[in-house]
Amino acid sequence: MARNFPPERIRNFSIIAHIDHGKSTLADRFLEIGGAVDPRKKMEQMLDSMDLERERGITIKAAAVALVVQVDGQDYLLNLIDTPGHVDFSYEVEKSLQACEGALLLIDAAQGIQAQTVANAHLALNQDMTVIPVFNKVDLPHARPEEIAEELENVLLLDPSQALRCSAKTGEGVREVVRAVVERIPPPKGDPSAPLRALVFDAKHDEYRGVIVYLRVVDGAIRKGDHVRMLGVEREYEVEEVGKFTPKMAAHERLGVGEVGYMIANIKRLGDVHVGDTLTSAKGARAEPLKGYREPQSMVWCGIYPVNASDFEHLRTALEELKLNDSSLVYEPETSDALGFGFRCGFLGLLHMEIAQERLERESEIDIVQTAPTVPYEVLLNNGKARMIHAPGDLPDGSLYSEIREPVVATHLLLPIDSIGAVMKLCSERRGVFQKQEHLSPTRVMLTWDLPLSEIIFDFYDKLKSSTRGYGTMDYDLPRFQAADLVKLRILVAGEEADALSIICHRDFADRRGRAILKKLQKEIPRHQFEIALQAAVGGKIIARESIRALAKNVTAKCYGGDITRKRKLLEKQKEGKKRMKSLGRVEVPQKAFLAVLSTEE
Amino acid sequence: MRASQRLRLAAAAAPAEMLREDGRSLYVHLPFCTSKCRYCDFNSYAWSGQSLERHVRAVLAEARARAAGLRPQTVFIGGGTPSFLPAPLLGELLQQLDEVTGFRASASEVTMEANPESFDDARAAAAAAGGVNRVSIGVQSLRAPVLRAYDRVHSAETALAALRRARALFARVNADLIYAFPGQDPQEWQEDLESVLALGVDHVSCYELSFEPGTALTRMRDAGRFRAEEPERGRALFERTRALCARHGFGQYEVSNYARAGAACRHNLAYWRSLDYVGIGAGAASWLDGERRKNLELPEAYEQAVRAGKDPVAEAERTDPATTLFDALMMGLRLPAEGVLLERARRISGLDPAAACGATLDELIGEGLLELTPGPARRLRATDSGLPFLDSILTRLLAVLRP
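What you are looking at is a predicted structure, and each value in this text was computed from that prediction instead of being measured.

Engineer: Tell me about the overall build of chain B, and please be specific about residues and values.
Structural biologist: Secondary structure summary: chain B contains 16 helices and 17 strands in total. In terms of overall dimensions, chain B is globule-like: its C-alpha atoms have a radius of gyration of 21 Å, near the 22 Å expected for 403 residues. Taken along the three principal axes of its C-alpha coordinates, chain B extends 55 × 50 × 45 Å. Put simply, chain B has 403 residues, and 58% of those count as buried. Split by element, the accessible area of chain B, about 15,000 Å² in all, is 52% carbon and sulfur. Separation between the mean location of the 49 positive side-chain charges and that of the 51 negative ones in chain B comes to 2 Å.

Engineer: Report on the packing of helix α2 (residues 52–66) of chain B against helix α3 (residues 87–101) of chain B, specifying residues and quantitative values.
Structural biologist: The description of two helices packed together rests on the angle between their axes and the distance between the axes. Residue and element names in this part refer to chain B. Put simply, α2 and α3 touch, their axes get as near as 10 Å, and they point 10 degrees apart. In terms of axis orientation, α2 runs roughly parallel to α3. Here Leu52, Glu53, Val56, Val59, Leu60, Ala63 and Arg64 of α2 lie close against α3, whose contacting residues are Leu89, Leu93, Gln96, Leu97 and Val100.

Engineer: Please provide a residue-by-residue account of the interface of chain A and chain B, values included.
Structural biologist: Each side of the interface is counted separately: chain A has 29 residues, and chain B has 44 residues. With both sides pooled, the region where chain A packs onto chain B buries about 3,500 Å², and carbon together with sulfur makes up 55% of that total. Note that lysine 569 of chain A is salt-bridged to glutamate 315 of chain B, the shortest N-O span being 3.9 Å. On the surface where chain A and chain B come into contact, there are 22 residue pairs in polar contact (both at pLDDT 80 or more). When its residues are assigned to classes, the side of chain A that touches chain B shows 9 nonpolar, 7 polar and 13 charged.

Engineer: How would you explain the pattern of salt bridges if you had to name every residue and give the values?
Structural biologist: Tallied over the full model, the rule gives 77 salt bridges over all chains. Here glutamate 232 of chain B makes a salt bridge to arginine 527 of chain A, at a shortest N to O gap of 2.7 Å. Here glutamate 232 of chain B is found in helix α10 (residues 231–247), whereas its partner arginine 527 of chain A is found in the loop between α12 (510–524) and β31 (532–538) on a different chain. Using a relative accessible area of 26% as the deciding quantity, one classes glutamate 232 of chain B as partly exposed. A salt bridge links glutamate 230 of chain B to arginine 549 of chain A, with the nearest nitrogen and oxygen atoms 3.4 Å apart.

Engineer: Give me the sheet that holds strand β10 (residues 227–230) of chain A: which residues, what numbers.
Structural biologist: All names here are of chain A. Ordered in space as β11-β10-β16-β7-β8-β15-β12-β13, the 8 strands form an open sheet in which the pairing is antiparallel. The open sheet is flanked by β11 (235–238) and β13 (249–252), the only strands paired with a single partner. Going from strand to strand, the sheet's axes swing by 40 degrees on average, the running direction of each strand aside. Judged from the 3 bridges that link them, strand β12 (residues 241–245) and strand β15 (residues 260–264) form a sheet pairing that is antiparallel. What sits directly across from glutamate 241, in β15, is isoleucine 264.

What counts, and where the lines are drawn
Per chain, the residues get numbers from 1 upward, laid out in the order the sequence is written. The order in which chains are written sets their letters, starting at A; the order in which ligands are written sets their numbers, starting at 1. Local features are withheld for residues below a pLDDT of 70 in this predicted model, meaning they are given only at 70 or higher, and side-chain atom pairs are given and counted only at 80 or more; totals for whole chains, interfaces and linings count all residues. Side-chain metrics in this entry use all non-hydrogen atoms of the structure; hydrogen atoms and water are not considered. Under the DSSP-based scheme used, a helix requires at least four consecutive residues in state H or I and a strand at least two consecutive residues in state E, with every element numbered from the N terminus. All radius of gyration figures rest on C-alpha atoms, and the globule criterion is 2.2 Å times the number of residues raised to 0.38. Note on exposure labels: buried denotes an accessible area under 20% of the residue type's maximum, exposed denotes more than 50%, and partly exposed covers the range between, all computed with a 1.4 Å probe on protein chains only. The Shrake-Rupley method, run with a 1.4 Å probe sphere, supplies the accessible areas, and residue values consider only the shown protein chains as cover. Positive charges are assigned to Lys and Arg, negative charges to Asp and Glu, while His and the chain termini are left out of the count. By convention, charge coordinates are those of NZ in Lys, CZ in Arg, CG in Asp, or CD in Glu. To obtain each axis, a line is fitted to C-alpha atoms, and for helices this fit is confined to the stretch in contact; angles are then taken between N-to-C directions over 0 to 180 degrees. Roughly parallel here means an angle under 35 degrees, roughly antiparallel means over 145, roughly perpendicular means 65 to 115, and every remaining angle is called oblique. Residue contacts follow a heavy-atom distance rule, with two residues in contact if any of their heavy atoms lie within 4.5 Å. Note: buried area is the sum, over both parts, of the accessible area (probe 1.4 Å) each one loses when the two are combined. We define a salt bridge as a side-chain nitrogen of Lys or Arg found within 4 Å of a carboxyl oxygen belonging to Asp or Glu. Think of a polar contact as two N or O atoms within 3.5 Å of one another; within protein, one of them needs to be a possible hydrogen donor and the other a possible acceptor, and neighboring residues in sequence only count if both atoms come from side chains. Each residue is assigned to one of three groups, with Ala, Val, Leu, Ile, Met, Phe, Trp, Tyr, Cys and Pro labelled nonpolar, Asp, Glu, Lys and Arg labelled charged, and all others, Gly among them, labelled polar. The rule for pairing is simple: two strands pair if DSSP sees at least two bridges between them.

In C-alpha cells:
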C-alpha cells in the first residue's frame with residue numbers, strides 16, 4: 001500500500017457501539033475485506049491489543065488501521081479509527097471522532113439501544129458528522145430490527161430507513177456496510193498547500209521506539225525530517241518516521257490531507273503528548289489550533305499505599321511505569337497517619353481506576369492498600385479563590401471557605417418500563433434531580449437525571465442492575481461543578497482521628513453514612529485487649545458512636561502432646577495477619593476496613 | 001500473696017525438684033479410638049478392624065531403634081485411646097517397653113490415658129501391673145446431651161465408674177473436662193466439676209471448647225449447625241473454674257491444668273519447661289538435643305515405614321536460637337506460677353531473653369501482662385490478667401524474635 005490516495009478516495013470513519021454489540025467483530029470483517037489480515041493468522045478481535053482489554057471485552061485505547069477496498073471497480077483507502085467504549089474515556093472518543101468524517105453506529109439487533117449507544121451517538125452528532133446506523137447480529141433468532149428502528153427514531157431522531165442490517169459474525173450484509181462507508185461518508189476536506197495542521201488523537205508508548213503519536217492530517221502534509229511543533233504543550237520535534245497502520249506499522253514517505261497514521265519523533269514520555277493537541281510546522285507563521293483541546297480531568301481519586309512501608313519506592317517506580325502507557329493517570333505523594341507514605345492517584349473514572357489498579361498489582365506484585373475513592377471538590381475560599389481538593393483530608397477548616405462544589409453529571413439510564421419506579425426511587429435517594437423521560441419503544445424507556453458523581457461512584461451501578469433485573473444500562477456526560485451543602489464526616493477510632501477514613505458527604509446524609517461506616521468498622525476491626533470507641537463527627541459534634549468490645553480471652557486451651565512446631569505455626573499465622581494491619585494509635589486495623597466508607601448498610 | 005497464687009506455687013514446687021534438667025521423657029502414641037469425637041484434632045482414628053498387634057509391634061520396633069536404654073524420668077502413654085488395646089496386648093506393650101527403655105526403674109511418673117468405655121477392670125489391672133502409676137480419664141462432660149453432641153461413646157455414669165475404678169488402683173488420677181458448651185449453665189458446670197473433684201482425683205484438666213481446623217465441630221459451626229459460645233461467657237467460666245478449683249485446694253499450675261499440692265503432671269511439666277523428650281508412635285513429636293521432629297501421622301504409613309526398617313520421621317527441624325527461645329517462652333509462659341526460668345532459656349537458646357525481646361518485653365511488663373520475679377533465679381511469667389491473653393502476648397514476642 002505504498003501508493004498515495006487523493007483525498008476524494010479516502011474515507012475516515014469510526015465504529016461506535018455499546019459494549020458487546022459487536023464492534024470488534026465488525027472491525028475484523030473490515031480487515032479481512034481490506035486484505036489487512038491473513039485469515040490463517042486471524043486473531044479474534046485483533047484491534048484490542050492489551051490483555052486486559054481482551055479479558056474485559058472492552059477497548060481502552062483507540063487504535064487505527066488503513067484498509068484498501070474496491071467499490072464499483074475503484075480503490076478507496078478506508079481509515080478505521082477504533083474508539084474506547086466507555087464513558088471514562090469519552091474525551092478520547094471525542095478526539096477519535098474528530099479525526100473522522102463519519103461513524104457507524106452499531107446496535108445489537110436483539111438488545112437494542114443501550115446507554116453507551118446514546119452517549120456515543122450524542123458525541124458523534126455533536127461533531128456534525130455523518131452517522132450511519134447499523135443493526136448487527138440480525139442472524140440471531142431473537143433479533144427485533146423493527147422495534148429497534150423505532151427506538152432509533154424515538155431516542156436519537158435518526159431516520160430508520162437509512163439503517164443497514166448485517167451480521168458481523170456470519171459476514172451477511174457487511175459488503176453493503178463497506179459500500180455505505182464509501183458512498184455516504186464524505187471525503188476529507190483540507191488545503192494541501194496550507195501549512196501543516198494535524199490532530200493528535202492518540203498516543204502509545206513503545207519500549208523500543210518511544211512514543212508513537214497517532215495523527216490525522218487536516219491541512220498540508222507531514223514528512224520524515226520535518227520539524228514539527230505541538231501547539232498545546234509547546235514542544236518541538238524532528239520527525240523520524242511517518243507511516244500507516246496496516247494494522248502493523250508501515251513507514252511512508254509522507255502523510256497528506258485527510259490521511260491517518262503515526263509519527264515517531266524521539267519523544268520519551270507519554271506525558272509529553274496530549275490527546276487533542278495540534279501538530280504544526282515549527283517553521284513559518286503560527287497555525288490556528290484545531291478546536292476542542294483540553295487537559296484530561298481526573299474525576300475519581302483514591303489513596304494507594306504499600307502494605308509494607310519499605311515498598312514505597314517500588315510503588316513509585318510501578319506508578320511511573322504505568323504512566324508510560326497511560327498518560328491520563330496522575331499521582332502525587334501523600335502521607336496518612338494510619339497508612340504512612342503513599343500516593344494520591346487520580347483517574348478518569350471508576351473503570352479507569354479499576355483497570356489501573358489491576359495492572360499495578362499484576363505488573364508490580366506489590367501488595368497495596370487502597371482507600372475508598374472520592375471525587376474532586378472545588379472549594380471557594382473566603383479570599384475569592386477556588387481550590388480543587390482530591391482528598392477529604394485536604395478540605396480546609398470550615399471557617400476558611402464559603403462554598404463547596406461537587407461534580408454533577410447528566411446521567412442517561414435505559415431500562416425496561418416496569419423498573420421505572422425502582423430506578424426513580426434509587427436516583428432520588430442519591431440526591432438526583434430528574435430531567436426527562438423518553439420512550440424508546442412500548443417496553444423501554446430512557447430517563448435522564450442529574451446525579452452527583454460522588455453518589456454514582458459507590459455501588460450505584462450494582463443497585464441499578466439489581467433494580468432492573470440486569471437490563472438497565474447507564475452512561476453519563478462530562479461533569480460540571482455545582483454547589484452543595486457538603487460536610488466533612490470525620491471518623492475517630494479510640495479517640496484518634498483516622499484521616500484515611502474521613503469522607504465528604506451531604507449534610508443530610510452524614511448521620512446515616514456515619515452510622516453505616518461505624519457498623520462496618522465494628523465488623524472489620526478485630527477485638528483488642530481494650531474496648532475501642534468508634535465515633536463519627538461533623539465539625540466538633542459527634543453524630544454517631546459504636547464500640548468494639550474488649551477481647552475476652554485469647555489463649556490456646558489445649559497445648560500438650562508435645563507438638564510445639566504446630567502451635568508455633570498457628571501463632572506465626574496470627575503474627576503475619578497482624579503485620580498486614582495498619583495502626584491507628586493503639587488500634588490495629590485490617591486493610592479491608594479502609595474501604596468501610598463505601599458501606600451503605602443500615 | 002493471694003490464696004490462689006499460694007496454691008499455684010505449692011502445686012508446682014514439689015515435682016519441680018523431681019524433674020532433672022538433663023533428664024529425658026518418653027511419650028508413646030496409640031492412635032486408635034472407638035470413634036472420633038467431634039471436637040478432636042489429635043492424630044487419632046476410629047478403629048476399622050486393622051491389626052492392633054501389628055501396630056504395637058511397630059511401636060515397639062521404633063522404641064528399640066530410638067529409645068533403647070533411654071531411662072526416661074517420666075512416661076506418658078497417650079492417644080487416641082491407649083485403653084482401647086485389649087488387656088493382654090497392653091500388658092505386653094508395657095513389659096517390652098520397660099525391657100527396651102528401663103522406665104520402671106527410672107521414671108517417677110508413668111501416666112496412661114483412658115476413655116471410660118474401655119477402662120475396665122482387666123485393662124486397669126494390666127496397666128497397674130505394667131508400671132502405670134497415674135491414669136488420665138477422658139470424662140469431658142457429665143451431661144448426656146453434651147456427650148451426644150461431642151459424639152462421645154460413654155455415659156456420665158460410665159465416666160464416674162471409670163474414675164472410681166481408677167481411684168481404687170492408682171494413687172494419682174486426672175479427669176479431662178471440657179467447658180463452654182454453647183448455652184452451658186455456669187451452675188451446671190460447677191456441679192459437674194465438683195462431682196469429679198469429690199471422687200478424690202488429685203488433678204483436673206479443664207479445657208475451653210475450641211474449634212480446631214478440620215474437626216467435625218468446626219465444619220458444623222461453619223455450616224451454621226453449631227453455635228460457638230460467646231467469648232465473654234467462655235471467659236466467665238474460665239474465671240469460675242479458677243476460683244472453684246482454688247477453693248478445693250487445686251492450684252492452676254498451667255492455663256488449663258489444676259492440681260493438688262505436689263500432684264502436677266510431671267510429664268507435661270517437662271514439655272512446658274522445654275526438657276528433652278522422645279516421642280514414639282504415629283504422629284508423635286520429639287524434642288531432643290536441639291532438634292524437633294515429628295513422625296508420620298497415618299498409622300498405615302507409620303507401620304509401613306517401621307516394617308521396612310526405616311525411620312518413620314515426617315519432618316525434623318533444628319531450631320535456630322530465636323526459635324528455641326520463642327518455643328521456651330511459648331511453653332513456659334503457660335505456667336502462671338513458675339513461668340520461664342530466664343537463665344535456662346538463655347542456656348538452651350544461647351540468647352539473652354531480655355535483650356532478644358527488647359522493648360516489646362518492657363511494654364508487655366508495663367501493660368501488666370507479664371512480670372519478672374525478684375531474686376537471683378529470675379523468672380518471667382504471665383500475670384493473672386495476662387494469662388487469658390497469652391496468644392496475643394506470644395504473637396507480639398514472635399514478631400520481635402522471628403520478624
